[in-house]
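# Overview (structure and organization)
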Amino acid sequence: MLLLAPMEGLLDATLRDVLTRTGGIDRCVSEFIRVTDMLLPERVFVRVVPELLNGGRTRAGVPVRAQLLGSDPSCLAENAERLAGLGPHGIDLNFGCPAKTVNQSRGGAVLLDEPELIGRIVAAVRRAVPAQVPVSAKMRLGFNDDTRAEECAHAIAEAGADELVIHARTKAHGYRPPAYWDRLAEVRQSLPPRWRLPVIANGEIWTAADAVRCREVTGCEHLMIGRGMVTDPGLALAIKGEGGVAWDVLPPLLQLFWQQVSVRVERRHRAGRLKQWLNYLRKRYPEAQRAYDDLRLLNEPAHIEAWLQRAQTPVVPTTAPILAAPAEMAQPC
């Protein structure tokens, strides 16, 4: 199984829709929905996970699991219960976000220094949602170091989680290579049989060869890919031995991406979102480098649209309208 990772401010509902059309992804996880001290209205969940309006799936039919972030077990449980009623394909809990602003408000990776609290959060959410709704968690190996990685994984498993994704770096490591797959293997192997649950490996999977090595080192059958899939939309297919995606497939997807960005994102941020994706794509495709060079100094949406027309990038036909949500620019995490 291949999961598409959430990336706040980049891999959101717009890019989930586009990337899942290329094939190979079995399930997505949404960007986090921040929970503090209140029960959120349904519109907040739909804003982050507009797929809830489509049976909890992207337009390509790929299920989406909604992710919550916070530190109050009771409040997270209440919000998980409401969210579960909207039909996501499970609830995921974020114990991995390294962003300073998130960590300062006791969210994400900072909780990895409090494995007992992590366990209470998972247990509270598991009790709050129906048994048929999967509850999963994503963690890093630790905050400043990995000395409590086993404790955190054990707490998550003992509390009744159905699945655990481990990003094979600490918060202090950020996104710097390498990913410590061998350490992830140790954490997975430390789980007693009575708590054994699927462990999914995440981190530094850029190619099909990386996926093979990651599986060999970690012992994890299932993988989560993020930046690798943004850079190479054919990565999931390549990992499954089904080829990849040639550049000729991408111009219509760029046009579709632009259409959706134009619906969801403030006008002043739209050009930046297209260039942001092209900046990743140019690491894989020479044609993306040329497109990036053409668009680098363009910021007016009308100029972007004119470039797309000159590039003769036909719009991908859709059988349903774009899943619109209130336009806003996410902050990177």
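Throughout what follows, the structure given in this document is the object of discussion. Keep in mind that what you see is a predicted model, and the values were worked out from it rather than measured. (Residues numbered from 1 in each chain as written. Predicted model: local features only at pLDDT ≥ 70, side-chain atom pairs only at ≥ 80, totals over all residues. Heavy atoms only, no water.)

## With respect to the packing of helix H1 (residues 13-20) against helix H11 (residues 250-264)
- Running from amino to carboxyl end, H1 crosses H11 at an angle of 160°, the nearest separation of the two axes being 10 Å. With respect to each other, H1 and H11 are oriented roughly antiparallel. As H1 packs across H11, the resulting crossing turns out to be right-handed. Taken together, the residues of H11 that come into contact with H1 (itself represented by Ala13, Thr14, Leu15, Asp17 and Val18) are Leu253, Leu256, Phe257, Gln260, Val261 and Arg264.
- For the contact of H1 with H11, a count of residues per class yields seven nonpolar, two polar and two charged. (Axes fitted to C-alpha atoms, helices over the stretch in contact; angles between N-to-C directions. Helix = DSSP H or I, 4+ residues; strand = E, 2+ residues; numbered from the N terminus. Parallel < 35°, antiparallel > 145°, perpendicular 65-115°, else oblique. Left-handed = near helix turned anticlockwise from the far one by under 90°. Contact = heavy atoms within 4.5 Å. Nonpolar A, V, L, I, M, F, W, Y, C, P; charged D, E, K, R; others polar.)

## A word on the pattern of salt bridges
- Inspection of the entire model under this criterion finds 20 salt bridges.
- A salt bridge links Glu204 to Arg169, with the nearest nitrogen and oxygen atoms 2.9 Å apart. Of this pair, Glu204 sits in the loop between strand E7 (199-202) and helix H8 (208-218) while Arg169 is found in strand E6 (residues 163-170), placing the two residues 35 residues apart along the sequence.
- Residue class for Glu204 comes out buried when judged on its relative accessible area of 16%.
- Relative accessible area serves as the criterion here: at 1%, Arg169 is assigned to the buried category.
- Across the pair Glu186 and Arg183 runs a salt bridge whose closest N-O atoms are separated by 3.1 Å. Pair noted here: Glu186 and Arg183 are both in helix H7 (residues 181-190), with a separation of three residues, about one helical turn. (Salt bridge = Lys/Arg side-chain N within 4 Å of Asp/Glu carboxyl O. Buried < 20%, exposed > 50% of the residue type's maximum accessible area, 1.4 Å probe, protein only.)

## Regarding the packing of aromatic side chains
- A complete count under the given rule lists two aromatic pairs for this structure.
- Both rings, one in Trp247 and one in Tyr285, keep their centres 5.6 Å apart while their planes meet at 50°; by these two values the pair is tilted. In this pair, Trp247 sits in the loop between helix H10 (235-239) and H11 while Tyr285 sits in the loop between helix H12 (267-281) and helix H13 (286-295), placing the two residues 38 residues apart along the sequence. A single burial state applies to Trp247 and to Tyr285, both of which are buried.
- Across from the ring centre of Trp195, 4.4 Å away, lies the NZ or CZ of Arg194, which sits over that ring. (Phe/Tyr/Trp six-rings, centres within 6.5 Å; stacked < 30°, edge-to-face > 60°. Lys NZ or Arg CZ within 6 Å of the ring centre and 35° of its normal.)

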